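Structure at a glance
This is what each chain is made of:
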Amino acid sequence: VSLPTHKTLYQAEPGTRDLGEKQELALKLVSTSKDGIVAEKIFIFRKGSYLIEVTTRLVNNSSLSISPSAYYQLVRDSQEPSGKTKMVSAFNGIAIFNDTDKFKKISFSDIDKGKAAYETKKNNGWIGFVQQYFMSAWLPPDNQPQLEREFYTKKIEEHLYAAGVFLPMLPAGKQLAPGEKVEQSIKFYAGPQEQDVIGSFAQQ
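In this report, we go over the structure that sits alongside the text. Keep in mind that what you see is a predicted model, and the values were worked out from it rather than measured.

1. Points about the side chain of Gln184
Its place among the elements puts Gln184 in strand 13 (residues 181-192). On the basis of relative accessible area, Gln184 is assigned to the buried category, the value being 6%. Among the polar contacts made by the side chain of Gln184, one reaches the main-chain carbonyl oxygen of Pro168 at a distance of 3.2 Å. Residue contacts for Gln184: discarding those within four places in its chain leaves Val54, Thr55, Thr56, Ala70, Tyr72, Leu167, Pro168 and Met169.

Structural data, given as structure tokens:
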């Protein structure tokens, strides 16, 4: 059974693209595989917030049971930001947080040398990119310990890197039968680098 990837073409449902006077805006993207798996991505934007709530919903219209996992990935180049001051040394790379590693920085050179050491499988934590005083990160909910996440980092090509997390949509041993649907929500943060604030978002 084929499932969507980040290369799958989604169609946006009709609707407004401007918050205007509203406090919240939802953008829904839909794709159907050749096997009948309907995948929906719903992005919730809220006025004045650095958080975007992303819900992944799967409807199994195929004839087989499946054990789906979603992956959430960030990609960026390794170039230093323009205008960076030489007076202050600021980290530019990947950051991972969990209850074992705590806040751990992974440089692009660590990945190049195969020295990116961190806990890959955990039931808590988040991953993202840090650039000077700002960061972007995927924040899986920490209130679902039965769903063990798997973090990853990799070099895609010269000066281009990926960091992300695999997150099962069902507990271990469970399957999505034909006709059933499942959904999960995860938060995406893009804003100032405030570790305590980000950690509190993941616990919500």
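2. Side note on the packing of aromatic side chains
What characterises a pair of aromatic rings is the spacing of the ring centres plus the angle enclosed by the ring planes. Evaluated as defined, the whole model comprises nine aromatic pairs. Taking the centre distance of 6.1 Å and the plane angle of 50° together, the rings of Phe103 and Trp126 count as tilted. Of this pair, Phe103 sits in strand 7 (residues 102-106) while Trp126 sits in strand 9 (residues 126-131); the two residues are 23 residues apart in sequence, bridging distant segments of the chain. On the basis of relative accessibility, which here comes to 21%, the residue Phe103 falls in the partly exposed class. Arranged with centres 5.0 Å apart and planes meeting at 40°, the rings of Tyr152 and Phe166 form a pair that is tilted.

3. Remarks on the pairing of strand 7
In this sheet, strand 7 lies alongside strand 6 (residues 92-98) in antiparallel orientation, the contact comprising five bridges. Bridged to Ile96 within strand 7 is Lys104. Between strand 6 and strand 7, which pair antiparallel and follow one another directly, the connecting turn spans three residues.

4. Describing the sheet that holds strand 10 (residues 134-139)
Within the open sheet, the nine strands sit side by side as 1-2-3-4-13-10-9-6-7. Their pairing is antiparallel. Every other strand in the sheet has two partners, leaving strand 1 (11-12) and strand 7 as the edge strands with one partner each. Where strand 9 meets strand 10, five bridges bridge the pair, whose relative direction is antiparallel. Opposite Ile127, over in strand 10, you have Trp138 as the bridge partner.

5. Brief notes about the pattern of salt bridges
Pairs can form between side chains of opposite charge whenever their charged atoms are close. Inspection of every chain in the model, using the stated rule, returns 11 salt bridges. For Lys28, the salt bridge goes to Glu40, with nearest N and O atoms at 3.5 Å. A residue pair is termed long-range when its members are at least 10 positions apart, and Lys28 in strand 2 (residues 24-32) and Glu40 in strand 3 (residues 37-46) qualify at 12 residues. Exposure remark for Glu40: the relative accessible area of 11% places this residue in the buried category. As a salt-bridge pair, Arg57 and Glu183 come within 2.8 Å of each other at their nearest N and O atoms. One end of the pair, Arg57, is in strand 4 (residues 51-60); the other, Glu183, is in strand 13, with 126 residues separating them in the sequence. On the basis of relative accessible area, Arg57 is assigned to the partly exposed category, the value being 22%. Note on Glu183: relative accessible area 44%, which makes it partly exposed. When salt bridges with common partners are traced through the structure, they connect Glu13, Lys28, Glu40, Arg57 and Glu183 into a single cluster.

6. Notes on the environment of Asn60
Examined against the element boundaries, Asn60 turns out to sit in strand 4. Judged by relative accessible area, Asn60 falls into the buried class, the value being 0%. Ignoring anything within four residues of it in the chain, the contact list for Asn60 reads Ile37, Ser65, Ile66, Leu176, Ala177, Pro178, Gly179 and Glu180. Among the polar contacts listed, one links the side chain of Asn60 to the backbone oxygen of Ala177, at a separation of 3.4 Å.

7. Considering the nonpolar core
Among the nonpolar cores identified, the biggest contains 31 residues, and Leu58, Tyr72, Ile94, Ile127 and Trp138 are the most heavily contacted of them. At the level of elements, strand 3, strand 4, strand 5 (69-77), strand 6, helix 1 (108-112), strand 9, strand 12 (160-168) and strand 13 are the ones that each hand at least two residues to this core. Looking at this core, the element that brings in the most residues is strand 12, giving four residues. Setting aside anything within four residues of it in sequence, one finds Trp138 in contact with Val54, Tyr72, Gln73, Leu74, Trp126, Ile127, Val165, Ile186, Lys187 and Phe188.

Conventions we followed
- Residues numbered from 1 in each chain as written.
- Predicted model: local features only at pLDDT ≥ 70, side-chain atom pairs only at ≥ 80, totals over all residues.
- Heavy atoms only, no water.
- Helix = DSSP H or I, 4+ residues; strand = E, 2+ residues; numbered from the N terminus.
- Buried < 20%, exposed > 50% of the residue type's maximum accessible area, 1.4 Å probe, protein only.
- Polar contact = N/O pair within 3.5 Å; in protein donor to acceptor, adjacent residues only side chain to side chain.
- Contact = heavy atoms within 4.5 Å.
- Phe/Tyr/Trp six-rings, centres within 6.5 Å; stacked < 30°, edge-to-face > 60°.
- Pairing = 2+ DSSP bridges.
- Salt bridge = Lys/Arg side-chain N within 4 Å of Asp/Glu carboxyl O.
- Core = buried A, V, L, I, M, F, W, Y, C linked by side-chain atoms within 4.5 Å.

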